[in-house]
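Residues per chain are reported as follows:
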Amino acid sequence: MILVTGATGFAGSHLLDRLPPDTRVTAWARPGGRPPREQPHVQWHAVDLLDRAAVARAIAQTQPRTIYHLAGAPHVGSSFDNPVEPLAINALGTHYLLGAVDAHARAARVVVVTSAMIYRRSNEPHTEASPAVPSSPYGLSKLAQDRLAALAASDGLDIVIARPFNHTGARQDPSFSVPGFARQIARIEAGLDAPVLQVGNLEAERDITDVRDVVDAYAAIAARGEAGTAYNVCSGRAWRIGDLLDMLLRQTPVPIGVEVDSTRLRPVELPRLAGDNSRLRGLGWAPRISVEDMLAGVLEYWRAQTPR
């Protein structure tokens, strides 16, 4: 039995697509959240990660052998206005989950997905040993999650840690840069918006990977990762956001201008975030999808979502 928390989220939904259809999967969704996609091999359960007793009951009933813990608050920008939500979901929710595993499913392998946003700002690629000095409330919440996972591993639980860098693909919320650009382009192509793209900081550089490669990495970490070890999930190359936008704009025949929207700028912006994926490559993983194909896929997804 495989358990996926945060299964209605962006990466969680792609992980469900990646798991073999003959696999028994239990997927957790937030009570009252958006309806999950129906998949024959997936059993859905509404579980509130902040309800300690409910989490314990669910783990005791399902007895999962592998757990992918993807649930969490995903937004860096909004964490400055509302730091309580990421601290509660990312840190306290993980604490309750790992406590339930300790009590009811100690043999389970748990992949805890934290974030590269735990690292101190640097122009050099981060290794897993890079200093952890987050620059946002979101990063702080993910550092707490990361440390809780490491602590539980030191107490004997079979835990591996994935630290994803930026990733994108179909179904990602348009509040993130690449799907936000793609959605605007699709709407302009359809004649729904004026031909001017609203953008934030285009000078930032981000190591970005297709989400399908990312969930492949999670599966590799679950299957072959060393207990108690963290793995950077990244492409190994940082791209300037403005260059990603230019690549998207080259895929449309419509002339589109670009305008900076000050509301899209974050209070604190890392100028560069790049990762070293050597440890993950040691598990036999490598990214398969080029940045060009990744961007084309995101744009096609938003074209399909846009009324014509």
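Residues numbered from 1 in each chain as written. Predicted model: local features only at pLDDT ≥ 70, side-chain atom pairs only at ≥ 80, totals over all residues. Heavy atoms only, no water.

Section: the packing of aromatic side chains
Here the structure, examined in full by the defined rule, presents two aromatic pairs. Ring centres of Tyr119 and Phe165 lie 6.3 Å apart, and the angle between their planes is 35°; on these two criteria the pair is classed as tilted. One end of the pair, Tyr119, is in the loop between strand S5 (109-113) and helix H4 (137-154); the other, Phe165, is in the loop between strand S6 (158-164) and strand S7 (166-168), and 46 residues separate them in sequence. For the pair formed by Tyr119 and Phe165, the shared burial category is buried. Residues Tyr301 and Trp302 carry aromatic rings whose centres are separated by 5.3 Å and whose planes lie at 85° to one another, so their mutual orientation is edge-to-face. Taking relative accessible area as the criterion, Tyr301 reaches 22% and is therefore assigned partly exposed. The ring of Trp239 is capped by Arg237, whose NZ or CZ atom sits 3.6 Å from the centre of that ring. (Phe/Tyr/Trp six-rings, centres within 6.5 Å; stacked < 30°, edge-to-face > 60°. Helix = DSSP H or I, 4+ residues; strand = E, 2+ residues; numbered from the N terminus. Buried < 20%, exposed > 50% of the residue type's maximum accessible area, 1.4 Å probe, protein only. Lys NZ or Arg CZ within 6 Å of the ring centre and 35° of its normal.)

Describing the pairing of strand S10 (residues 230-233)
Side-chain alternation along S10 places Ala230 and Asn232 on one buried face and Tyr231 and Val233 on a second face that is also buried. Note that S6 and S10 share four bridges and pair parallel. If you follow Ile161 over to S10, its bridge partner there is Ala230. (Pairing = 2+ DSSP bridges.)

Considerations on the layout of surface pockets
Computed from the structure, the second largest pocket encloses a volume of approximately 160 Å³. Thr94, His95, Leu98, Gly99, Asp102, Leu148, Leu151, Ala152, Asp155 and Leu157 are the residues that line the second largest pocket. Of the residues forming the lining of the second largest pocket, the biggest block, five residues, is contributed by helix H3 (residues 84-104). Grouping the amino acids of the lining of the second largest pocket by side-chain chemistry returns five nonpolar, three polar and two charged. (1 Å grid on protein atoms, 1.4 Å probe; cavity = no way out; pocket = protein on both sides within 12 Å on 5 of 7 lines; lining within 4 Å. Points joined across faces, edges and corners; volume = space filled by probe spheres on them. Nonpolar A, V, L, I, M, F, W, Y, C, P; charged D, E, K, R; others polar.)

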